[in-house]
Every structure is written in C-alpha cells, then in structure tokens.
Amino acid sequence: MTTAHFLSYPPRPVDGKPVDKESRPLEVLIYLISGNPGLVDYYAPFLSALRGLIDELHSLRHVRFYIYGQDLAGFRDDDHAPFTAHRKPYDLEHQIRYTLGALARLHVESRQQRGLPYDEVLLIGHSVGAYIALELFHRLLRDQESEQPLQDLNLASAILLFPTISHISRSPNGWKLDLLRRTPVLGDNAYRVAQAFLRLCPRGALRWVVRRVLGFPAGGAEVTTDWLKSRDGVWQALHMGMDEMRVIGEDLWDDELWEIARDAEAHRKPVPKFFFFFGRRDNWVADHHRDEFIGKRRGQVERTELIVDEGDIPHAFCIRHSEAVAEKVTAWIKQMYAANQDDKN
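Residues numbered from 1 in each chain as written. Predicted model: local features only at pLDDT ≥ 70, side-chain atom pairs only at ≥ 80, totals over all residues. Heavy atoms only, no water.

> So, the sheet that holds strand S3 (residues 63-70): which residues are in play, and what are the values?
With respect to topology, seven strands assemble into an open sheet ordered S1-S3-S2-S4-S5-S6-S7, the strand pairing being mixed. A single partner strand is all that each edge strand has here, and the edge strands are strand S1 (6-9) and strand S7 (304-308). In this sheet, adjacent strand axes meet at a mean angle of 15° when their direction is disregarded. With five bridges joining them, strand S6 (residues 273-278) and S7 adopt parallel strand pairing. From the neighbouring strand, Phe275 faces S7, where its bridge partner is Glu305. Against the sheet, helix H1 (residues 44-56) touches S1, strand S2 (26-33), S3, strand S4 (120-126) and strand S5 (155-161), its axis set at about 180° to S3. (Pairing = 2+ DSSP bridges. Helix = DSSP H or I, 4+ residues; strand = E, 2+ residues; numbered from the N terminus. Axes fitted to C-alpha atoms, helices over the stretch in contact; angles between N-to-C directions. Contact = heavy atoms within 4.5 Å.)

Okay, here's the thing in structure tokens:
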C-alpha cells in the first residue's frame, strides 16, 4: 500500500531574510475535502485556477496560502487492502476521522516557519465534504482535551460548495440511492452488478463513452475511467453513498451550527466564518430543505453567508465549471483576508 494521493499548490517561495513575529506573513492552509467519489484529481483544474487567482491579488500578499487536497480513503486500490465481505469499504465516520488525521499531519513548509502549525485553516468542502468539514469544526471545538497535533489545528473558516448537510435522501438523486439501499438483497449487492458490467466493458470503450457521450474533458474522463476500472473504487463509492443516506438524514446542523458558535465563545476562540454556496438546481439537495436552512440562517450575517447560484453551475462543478467556482471562492477569500476594507470592495 502507498500513502494517500494528494495535490499540493504551495505559495511562491520567499527570500531567506529573517522576519520578526510581528511582520511575518500569516500562514494559512486551504484544505479541500472532496465529494463522493473522493478522488482529488477531479479538482486539479479548480485548485490550479484558485492558486493562480489568489496569486494575482495584491491585497492578499500579506498572507501565504498553502492549497492542499487529498483523496478520501478507499477510492484508490493502492491505499488499502482489498475489500472483502469481512473487510468492507469505509463509511462516512471513517472518512471524518481519516480527514482529521490528514489535517493534523500537515505543517507549514516555508523555510522560516517549517514544521510549525498553520496560523489558520480554511476548509473547502464539496458535497458530502461540506458535511465532513462541519463535523470537524464541531468535534474539535467540543474536544479540547485532544492530543497536541489536533489542539494546534486552528479551523478558522469554511467554504461549503453544493453542501449536502441534511436530508440528502429526500433529494431527487438521494431518493433513488436510498431506495436502492433499502431494497432487500439488491442494496448489499449493487456493487457486484456494477462491477460485473464494468469488467465486461473494455477500458478504451469506457473512456470513449465518458469522453464522447457524457462529454467529460480529457482529464476528468481519465480520472473517471481509472476509478470505474479499479478493483474497489465503485464499491467504495456505493458503500459510502448509502451510508450518507443513513447518516445525513436528520437536520442536525440547525442546532449544531449554533453550538459551534457557543463552543468557540466558551473557549475564547474566534467564531468560525462559513460561506454556503448552493446550486440553483441541485439533484443532491432538496430545494425546500435548502430554502428552510437558508431562512433559519439569515440572521447570522456576522459569521454565515448563504448564496444560491444565479446561473446553472451543476453539483459536479469540478468537471466543467472549475474556473467559475474558483472565481467565486477567491472573492470570498478576499473578503476574509484582504489587507484593508478598500481592497475588499
């Protein structure tokens, strides 16, 4: 087995001149938590575009942003032993703990601050990655007796893209997957049917379908083909997806978002800032639950911004709309970190 696959986009190198504590730049980790399937290569165009847009902004020169993303567990065959009836794929709880461990192992890479914790961590969660991000905030603020690497994690803010954080099984696509989950025999064996079909399809033919019929760009088509032809990737995606239907049901975050704020104030920490970006039409989010959530959160303007896309960016934005979403995310980062108020306008 190999270590987890990741993508890293560090800031430009700085000269070797020593700086005092007051004048050194703020070191911020931007950590992407992917959706399902949890393959970070889908997000390479988005993260690359984000790196370029941030580097262009003079108002952010006082901050050094390290952009990083890592696969979720189980989606590549070389990061785990083969799944079996007794060693099943990873569920949502495992992914939360896996992501927390990955975050705890990351430290500043610059010469003068090498090995130190980041000053702040900004999480970007897409789809179920938004649920994982919120759960990380909640757990770290609740568990102040955790080990030192976790205590050093300063989760400051989160940008949640097309978030599936409540009642996912009531969305159009969620309803279908939940029906499959609840169907006797078929739910537990859906991966076998999928794998049997995919094994019969030659790799070249499958790539052609993904590229030409589904219209994926070359990079996304290659990632998708590798995943579909992998030993365990489809099983992992189906197993985790069905677990999402079971876990992300009750509207827990209505209360827990308030608790995150109370916990931060109780421990004298800055209250986290959240940006929620919802799709206008999203088959993984039920419109009425989205609207209810937004209505309840409207009063939290100091720490929560809620945006519904006015265009038609799809849930799987990373396939064809990476640049458009990167521009939006850059604007929100600028809003949080720009050097002065004039630069934020």
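> Which residues make up the pairing of S5, and what values do they have?
In terms of burial, S5 is largely enclosed, as seven of its seven residues are buried. Both S4 and S5 contribute to a ladder of six bridges, which runs parallel. Across the sheet, Gly125 pairs through a bridge with Leu160, a residue of S5. Of the pairings in the sheet, the one linking S5 to S6 comprises five bridges and is parallel in character. Pairing of Ser157 across the sheet is with Lys273, part of S6. (Buried < 20%, exposed > 50% of the residue type's maximum accessible area, 1.4 Å probe, protein only.)

> Explain helix H13 (residues 322-337) to me, using residue names and the numbers behind them.
Taking 1.5 Å of rise per residue, the 16 residues of H13 would be expected to cover 22 Å, and the 22 Å separating its terminal C-alpha atoms lies within 8% of that figure. Looking at H13, one finds that the buried residues are Ser322, Val325, Ala326, Val329, Thr330, Trp332, Ile333 and Tyr337. Within H13, the buried residues cover an arc of 165° as seen down the axis, which keeps them to one side. (Expected span 1.5 Å × (residues − 1). Arc of directions from axis to C-beta.)

> Hey, could you go over helix H5 (residues 172-182) for me, with residue numbers and the actual values?
If you check which residues of H5 are buried, you get Gly174, Leu177 and Asp178. When H5 is viewed along its axis, its buried side chains cluster within an angular range of 100° and face the same direction. Exposed and facing more than 90 degrees away from the buried side of H5 are Trp175 and Lys176. The secondary structure elements touched by the buried residues of H5 are helix H9 (233-247).

> I'd like a rundown of the nonpolar core, residues and numbers included.
One finds Phe46, Leu50, Leu123, Leu161, Val329 and Ile333 to be the most contacted residues of the largest nonpolar core, which totals 98 residues. Ranked by the residues each element gives to this core, the list is headed by helix H3 (residues 128-142), at ten residues. Those residues in contact with Leu50 that lie beyond four places of it in its chain are Ile30, Ile67, Ile124, Ala326, Val329, Thr330 and Ile333. (Core = buried A, V, L, I, M, F, W, Y, C linked by side-chain atoms within 4.5 Å.)

> Talk me through the packing of helix H2 (residues 92-104) against H9; I want residue IDs and the actual numbers.
Closest axis-to-axis distance for the H2/H9 pair is 9 Å, and the angle between their directions is 100°. As judged from the angle between their axes, H2 and H9 are roughly perpendicular. On H9, the residues that touch Leu92, Glu93 and Gln95 of H2 are Gln236, Met240, Asp243, Glu244 and Val247. (Parallel < 35°, antiparallel > 145°, perpendicular 65-115°, else oblique.)

> Lay out a nonpolar patch on the surface in plain terms, naming residues and giving numbers.
On the surface, Trp208, Val209, Val213 and Leu214 cluster together to form a nonpolar patch covering roughly 390 Å² of accessible area. Taking the relative accessible area as the measure of exposure, Leu214 reaches 46% and is therefore partly exposed. (Patch = residues over 30% accessible without salt bridge, like charges linked within 9 Å, V, L, I, M, F, W, Y side chains within 5 Å. Areas by Shrake-Rupley, 256 points an atom, 1.4 Å probe, with all protein chains shown as cover. Salt bridge = Lys/Arg side-chain N within 4 Å of Asp/Glu carboxyl O.)

> With reference to specific residues and values, describe the packing of H1 against H13.
Where H1 meets H13, the axes come as close as 8 Å, and the angle between the chain directions of the two elements is 45°. For the element pair H1 / H13, the angle class is oblique. Of the two elements, H1 crosses H13, and the hand of that crossing is right-handed. Between H1 and H13, the contacting residues are Pro45, Phe46, Ala49, Leu50, Leu53 and Ile54 on the first element and Ser322, Glu323, Val325, Ala326, Glu327, Val329, Thr330 and Ile333 on the second. (Left-handed = near helix turned anticlockwise from the far one by under 90°.)

> Residue-level account of unusual backbone geometry, with values.
Along the chain, Asn36 connects to Pro37 via a cis peptide bond; the corresponding omega equals 10°. Structurally, Pro37 is set in the loop between S2 and H1. Backbone geometry places Ser127, a non-glycine residue, at a positive phi of 60°. Note on placement: Ser127 falls in the loop between S4 and H3. On the basis of relative accessibility, which here comes to 10%, the residue Ser127 falls in the buried class. Unusually for a residue other than glycine, His167 sits at a positive phi of about 50°. For His167, the position within the fold is in the loop between S5 and H5. Judged by relative accessible area, which is 10%, His167 ranks as buried.

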